[in-house]
Amino acid sequence: MHAGPSGFHNAPVTRTLVITSAILTVAAGLRGRSQRLGFSYQDTIENRNIWKFIPSVFAFSSSPELIIGLYLLYYFRVFERQIGSNKYSVFVLFSLIVSTAFEVLALALLKDSRISAAGPYGLIFASFIPFYFDIPVTSRFHMFGMNFSDKSAIYFAGFQLLLCAWKSSFMPAICGALAGFLFRINAFGIRKLKFPKKITSVISRLFFSSASSSHASRANIRGNAHVPYAGRQRNYPSVGHIPMPEPPESSIALLVSMGFNSSAARQALMQARNDINVATNILLEAQTR
């Protein structure tokens, strides 16, 4: 399944998350503290070890968790490209805070002495909610007597992550899914919130140095989009004098989720007569010119 252009193009928040998670995981491993990360009733409720919150939220406890977790975080950059870095930052912050609050509440109620899995489980499994509802299936196939779609690989990766820490990962995964559901239903009007421009400006200077290049790339796509359409029209289905059909919003949203500009995506779909594969090729050609 396509997640858009490779790398962190138009996804500076995701880049920061991936780098932060990787650095904290490696640092915890080098200091021999990987297995002590995570939340437990004794540490969180009784001893109130607040210092463990940040590393426990971002750092994984094992290499398999790190590999699968970073892969999923990297893939879910599709949402940042779709809704923008500002709103995606709100989603990230909401998911991490709410899932952690749910986890602490569960520990207080269950009084479980086991340590829950460390890492951004809350954010990852919160992301599966919009992934299920908002990312359309573009192809299906049959294997081993079962039906699969192009989204199956992501679900399988999530299932593998869930099993990496066995029972310790169930609680943070469930809390993350609950946080994602609350964001989905717009609890507390969260989906309307945005960070003030002054804050985003400061953050972008500190962490998102690629923002300016991203804007330039988007401008190049908008500026060059018309050229390859006209110059390469013979390579794609000719529309002649037949009115071009209006592209469905779901197809436009899919191309936008891949990192393309919405107006360029609409024009490419009209040029390709709503064939997503052909439209993708048109946009990629426009991007490489």
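The model shown is predicted, which means the values in this text are computed figures rather than measured ones.

Go over the packing of helix H6 (residues 85-110) against helix H7 (residues 121-134), please, and point to the residues and values.
For the pair H6 and H7, interaxial distance at closest approach is 9 Å and the crossing angle is 120°. One way to sum up the angle between H6 and H7 is to call them oblique. For the pair H6 and H7, the crossing hand works out as right-handed. On the side of H6, the interface is formed by Phe91, Val92, Ser95, Leu96 and Ser99, while H7 contributes Gly122, Leu123, Ala126, Ser127 and Pro130. Of the residues that constitute the contact of H6 with H7, the class distribution is six nonpolar, four polar and no charged.

Go over the UniProt feature "transmembrane region" (unreviewed entry) in the protein with me, naming the residues and quoting the values.
According to UniProt, the positions carrying the feature "transmembrane region" (unreviewed entry) are residues 12-32, 53-76, 88-110, 117-133 and 153-183. Taken end to end, residues 88-110 comprises 100% helix and 0% strand; its first and last C-alpha atoms sit 32 Å apart. Taken end to end, residues 153-183 is 84% helix and 0% strand, and its two terminal C-alpha atoms sit 24 Å from one another.

Explain the nonpolar core residue by residue, including any values.
Grouped together as the largest cluster of nonpolar side chains are 44 residues, with contacts concentrated most on Leu72, Phe76, Ile124, Phe125, Phe128, Phe131 and Leu161. Counting residues per element, the ones that place at least two in this core are helix H1 (12-30), helix H3 (53-58), helix H4 (63-75), helix H5 (77-83), H6, H7, helix H8 (152-164) and helix H9 (170-184). No other element matches H6, which puts nine residues into this core. Discounting residues that sit within four places of it in the chain, isoleucine 124 has contacts with Phe60, Gly69, Leu72, Leu73, Phe76 and Leu161.

Talk me through the pattern of salt bridges; I want residue IDs and the actual numbers.
Scanning all chains against the criterion turns up three salt bridges. In this structure, the salt-bridge partner of arginine 184 is aspartate 134, at a minimum N-O distance of 2.5 Å. Of this pair, arginine 184 sits in helix H9 while aspartate 134 sits in helix H7, and the two are 50 residues apart along the sequence. The partner of arginine 266 in a salt bridge is glutamate 249, and the shortest N-O contact between them spans 3.3 Å. With arginine 266 in helix H14 (residues 262-271) and glutamate 249 in helix H13 (residues 249-257), this residue pair connects regions lying 17 residues apart in the sequence. In this structure arginine 266 comes out as partly exposed when scored by relative accessible area, which is 27%. The exposure class assigned to glutamate 249 is exposed, which follows from its relative accessible area of 54%. Where salt bridges share partners, they join Glu246, Glu249 and Arg266 into one cluster.

Talk me through the pairing of strand E1 (residues 140-143); I want residue IDs and the actual numbers.
Pairing analysis gives four bridges linking E1 to strand E2 (residues 146-149), with the strands arranged antiparallel. Considered in E2, the bridge of methionine 143 is made with methionine 146. With antiparallel pairing between neighbouring strands as the criterion, E1 and E2 make up a hairpin whose turn holds two residues, including phenylalanine 144 at a positive phi of roughly 55°.

Run through H9, naming residues and quoting values.
Taking 1.5 Å as the rise per residue, H9 with 15 residues should run 21 Å; its terminal C-alpha atoms sit 21 Å apart, in good agreement. As for H9, its buried residues are in contact with H6, H7 and H8. Following H9 by one or two positions, asparagine 186 has its phi on the positive side, about 65°.

Can you break down a nonpolar patch on the surface residue by residue, with the values?
There is a patch of nonpolar side chains on the surface, built from Phe156, Phe159, Leu163, Trp166, Phe170, Ile174 and Leu178 and spanning about 710 Å² of accessible area. Elements with a contribution of two residues or more to the nonpolar patch: H8 and H9. When you line up the elements, phenylalanine 170 lands in helix H9.

Requested: an account of the packing of aromatic side chains, with residues and values cited.
Within the structure shown, the criterion is met by 19 aromatic pairs. Where phenylalanine 91 meets phenylalanine 183, the ring centres are 5.0 Å apart and the plane angle is 75°; that geometry is what we call edge-to-face. Of this pair, phenylalanine 91 sits in helix H6 while phenylalanine 183 sits in helix H9, and the two are 92 residues apart along the sequence. You'll find phenylalanine 91 and phenylalanine 183 in the same group, each marked buried. Linked through ring pairs, Phe60, Tyr75, Phe76, Phe79, Tyr121, Phe125, Phe128, Phe131 and Tyr155 together constitute an aromatic cluster. Above the face of the tyrosine 74 ring, arginine 77 is positioned so that its terminal group lies 3.9 Å from the ring centre.

Hey, could you go over a positive patch on the surface for me, with residue numbers and the actual values?
On the surface, Lys87, Arg191, Lys194 and Lys197 cluster together into a patch of positive charge. Position of lysine 87 among the secondary structure elements: in helix H6.

Rules behind the numbers
Residues numbered from 1 in each chain as written. Predicted model: local features only at pLDDT ≥ 70, side-chain atom pairs only at ≥ 80, totals over all residues. Heavy atoms only, no water. Axes fitted to C-alpha atoms, helices over the stretch in contact; angles between N-to-C directions. Helix = DSSP H or I, 4+ residues; strand = E, 2+ residues; numbered from the N terminus. Parallel < 35°, antiparallel > 145°, perpendicular 65-115°, else oblique. Left-handed = near helix turned anticlockwise from the far one by under 90°. Contact = heavy atoms within 4.5 Å. Nonpolar A, V, L, I, M, F, W, Y, C, P; charged D, E, K, R; others polar. UniProt positions renumbered as here; feature names shortened; annotations may be inferred. Core = buried A, V, L, I, M, F, W, Y, C linked by side-chain atoms within 4.5 Å. Buried < 20%, exposed > 50% of the residue type's maximum accessible area, 1.4 Å probe, protein only. Salt bridge = Lys/Arg side-chain N within 4 Å of Asp/Glu carboxyl O. Pairing = 2+ DSSP bridges. Expected span 1.5 Å × (residues − 1). Patch = residues over 30% accessible without salt bridge, like charges linked within 9 Å, V, L, I, M, F, W, Y side chains within 5 Å. Areas by Shrake-Rupley, 256 points an atom, 1.4 Å probe, with all protein chains shown as cover. Phe/Tyr/Trp six-rings, centres within 6.5 Å; stacked < 30°, edge-to-face > 60°. Lys NZ or Arg CZ within 6 Å of the ring centre and 35° of its normal. Lys, Arg positive; Asp, Glu negative; His and termini not counted. Charge placed at Lys NZ, Arg CZ, Asp CG, Glu CD.

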